[in-house]
Amino acid sequence: MTKQQSFSFFGQRAVQSLRDAGYRNTAYALGELVDNSLQEGATHVDILVAEERVVAGRARHWRVKGIGVLDNGNGMDATVLRRALRIGDGTRFEKPGGMGKFGVGLPQASISQCQRVDVWSWQNGPKKALNAHIDLTDPAWIAANEVPKPSKSPLPEPWAAVPGALPLAESGTFVLWTKLDRLKWVTSRSLFTNSERLIGRMYRYWLHGEAPKATIRMIAFDAESKTIRDTWMFRPNDPLYLMEGTSVDRPPVDPMFEKWGEPMKLKYNVDGRQEVVTLRFSIAKKKARAVGPDGVQAGKMPHGHDAKRNRGLSIVREGRELDLDTKWVRSDDPRERWWGAEVSFGRGLDEIFGVTNNKQNAHALSDFAAKDFEDLRTSPDETRQAVHDRLKNEDFTSYILLDVSE
């Protein structure tokens, strides 16, 4: 008798496919966890990195053993916690506003970096914390194909009381990655160095206090002795350079840029609701572009290098940056570093702008970086206004994308 074939919705390669699903690196995956914390009202987020000494040849090196994200947000009850670990589930689908919507962030981002993720969450003190987990190394967990019912469980050592970390608040959540097998960077210092600019840019409005104020920091500690090795604060990284006190190194003037015109608000009627796209522009102040006292060009100074790394169109959704899209700049022109541009919109435009479920880009908008209305003519004699009017009636998605692009 042949073994009965399974027709489960998830095939044998489903988990592997989910692990391969598009997170560019560990910093982007961590960003998903920070999203969840800020979405739930957290004002403090600690990224805790446990390191251990490993032997490589004759030398001993530090290596990341586990990563935890601790917040003081609203916490989750048993049902919400269980749903948060399911692919395609969650409680944000029907709620207006907010970064979350797709129902894949926490589990998909986590398994892109590790084989086990544990989540503890509490609403009435940490002693009542509930725990649920995913373990891709456990055949029983894989066979069950189900997130287990959360159980009451205290936070484990050494994570429960890392010296200098955020004290456990009355409500909060702690996400722990272990069995790490896909980290882009394997030491805490390289992890911070390579995530500082990205996370600072993603959450600049929280870090600067223009959205609800929040602090984000990374704390590295010795997993064996529990002693702190390093602590780093994430600072806002503003590609428009309109904020003061950002991560830019030794700016000649702070802020370095000034507004170019007033913000433009474009309004569209999408499925019976009004959606607003806001465009903001900036240009470098004369002092920022000036030659230094020793004759060094501004572009060769630290602040000039910083501006070069921040070239592009900042695409911001619900206050959080998705991408700094370089398709909108000419890479061979050194002057491109001296202006900034941002397009911001709400989640109601996700489908039109092509926002991916891992919130790393808006591919449809990016595809229109080099297009204008004339590119969509149906005949050589069709005027720009005719194309404009036709698309508005026949292809509203392309009409919006071209309107924003121009």
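Residues numbered from 1 in each chain as written. Predicted model: local features only at pLDDT ≥ 70, side-chain atom pairs only at ≥ 80, totals over all residues. Heavy atoms only, no water.

(A) View of the overall build of the protein chain. Secondary structure assignment for the protein chain yields 13 helices and 14 strands. Projected onto its principal axes, the C-alpha positions of the protein chain cover 70 × 70 × 45 Å. Here the protein chain holds 406 residues, and the buried ones make up 50% of them. For the protein chain, the proportion of contacts with a sequence separation of at least 24, taken over those separated by at least 6, is 67%. (Helix = DSSP H or I, 4+ residues; strand = E, 2+ residues; numbered from the N terminus. Buried < 20%, exposed > 50% of the residue type's maximum accessible area, 1.4 Å probe, protein only. Contact = heavy atoms within 4.5 Å.)

(B) Up close: the environment of valine 117. Mapped onto the fold, valine 117 is located in strand β3 (residues 114-122). Between the C-alpha atoms of valine 117 and arginine 337, which are 220 residues apart in sequence, the distance is 40 Å. Sequence-distant contacts of valine 117, defined by excluding residues within four places in its chain, comprise Leu85, Ser110, Ala132, His133, Ile134, Val175, Leu176 and Trp177.

(C) Inspection of empty space enclosed by the protein at higher detail. Tallied over the full model, the rule gives two cavities of 30 Å³ or more. Volume-wise, the second largest cavity comes out at about 40 Å³. Grouping the amino acids of the lining of the second largest cavity by side-chain chemistry returns four nonpolar, one polar and three charged. (1 Å grid on protein atoms, 1.4 Å probe; cavity = no way out; pocket = protein on both sides within 12 Å on 5 of 7 lines; lining within 4 Å. Points joined across faces, edges and corners; volume = space filled by probe spheres on them. Nonpolar A, V, L, I, M, F, W, Y, C, P; charged D, E, K, R; others polar.)

(D) Spotlight on the layout of surface pockets. Roughly 270 Å³ of volume is contained in the second largest pocket. Phe281, Leu313, Trp328, Val404 and Ser405 are, among the 15 residues lining the second largest pocket, the residues nearest its centre. Going through the elements one at a time, β10 (264-270), β11 (273-284), β14 (339-345) and α13 (396-405) are the ones with two or more residues in the lining of the second largest pocket. Per-element tally for the lining of the second largest pocket: the top contributor is β14, with four residues. Residues that form the lining of the second largest pocket fall into these classes: eleven nonpolar, one polar and three charged.

(E) Just the packing of helix α2 (residues 26-39) against helix α6 (residues 188-202), in detail. At a minimum axis distance of 9 Å, the contact between α2 and α6 shows a crossing angle of 50 degrees. The pairing of α2 with α6 is recorded here as oblique in orientation. Our pair here, α2 against α6, has a crossing hand that is right-handed. Residues Thr26, Ala27, Tyr28, Leu30 and Gly31 of α2 pack against Leu191, Asn194, Ser195, Leu198, Ile199 and Met202 of α6. (Axes fitted to C-alpha atoms, helices over the stretch in contact; angles between N-to-C directions. Parallel < 35°, antiparallel > 145°, perpendicular 65-115°, else oblique. Left-handed = near helix turned anticlockwise from the far one by under 90°.)

(F) Summary view of the packing of aromatic side chains. Across all of its chains, the model carries twelve aromatic pairs by this definition. Ring plane angle 50 degrees and centroid distance 6.4 Å describe the contact between phenylalanine 373 and tyrosine 399, whose orientation is recorded as tilted. Taken together, the residues span a long stretch of sequence, with phenylalanine 373 in the loop between α11 (363-367) and α12 (384-394) and tyrosine 399 in helix α13 at a distance of 26 residues. Per residue, the accessibility class of phenylalanine 373 equals that of tyrosine 399, and both read buried. Each member of the aromatic cluster is reached from another via a ring pair, and the members are Trp120, Trp159, Phe174 and Phe221. Across the ring face of tryptophan 62, the terminal group of arginine 229 is positioned such that the distance to the ring centre comes to 4.0 Å. Of note, lysine 371 hangs over the ring of phenylalanine 368, and the distance from its end group to the ring centre comes to 4.6 Å. (Phe/Tyr/Trp six-rings, centres within 6.5 Å; stacked < 30°, edge-to-face > 60°. Lys NZ or Arg CZ within 6 Å of the ring centre and 35° of its normal.)

(G) View of the nonpolar core. Ile47, Trp177 and Ile216 are the most contacted members of the largest nonpolar core, which totals 50 residues. Residue contributions to this core peak at seven residues, all from α2. Contact partners of isoleucine 216, with chain neighbours within four places excluded, come to Val34, Val45, Ile47, Ile199, Tyr203, Leu207, Met233 and Phe234. (Core = buried A, V, L, I, M, F, W, Y, C linked by side-chain atoms within 4.5 Å.)

(H) Focus on the sheet that holds strand β7 (residues 215-222). With respect to topology, eight strands assemble into an open sheet ordered β5-β4-β3-β6-β2-β1-β7-β8, the strand pairing being mixed. Because the sheet does not close on itself, it has two edges, and the strands there are β5 (151-152) and β8 (228-233). With five bridges connecting them, strand β2 (residues 59-71) and strand β6 (residues 172-180) associate as antiparallel partners. Counted as the bridge partner of leucine 70 is phenylalanine 174 from β6. (Pairing = 2+ DSSP bridges.)

(I) Spatial organisation of α13. With seven of ten residues buried, α13 lies mostly within the body of the structure. Every buried residue belonging to α13 is among Ser398, Tyr399, Ile400, Leu401, Leu402, Val404 and Ser405, and all of these are buried. Looking at the buried positions of α13, the neighbouring elements they touch are β10, β11, β14, α10 (350-353), α11 and α12.

(J) Quick look at the pairing of β10. As judged from the seven bridges shared by β10 and β11, these two strands associate in the antiparallel manner. The residue of β11 that forms the bridge with methionine 264 is leucine 279. Linking β10 back to β11 in an antiparallel pair, the connection comprises two residues, with aspartate 271 at a positive phi of about 55 degrees.

(K) Main features of helix α9 (residues 302-309). Buried within α9 we find His303, Gly304, Asp306 and Ala307. Angularly, the buried residues of α9 cover 155 degrees about the axis, an arc narrow enough to put them on a single face. Looking at the buried residues of α9, the elements they touch are α6 and α8 (286-289). (Arc of directions from axis to C-beta.)

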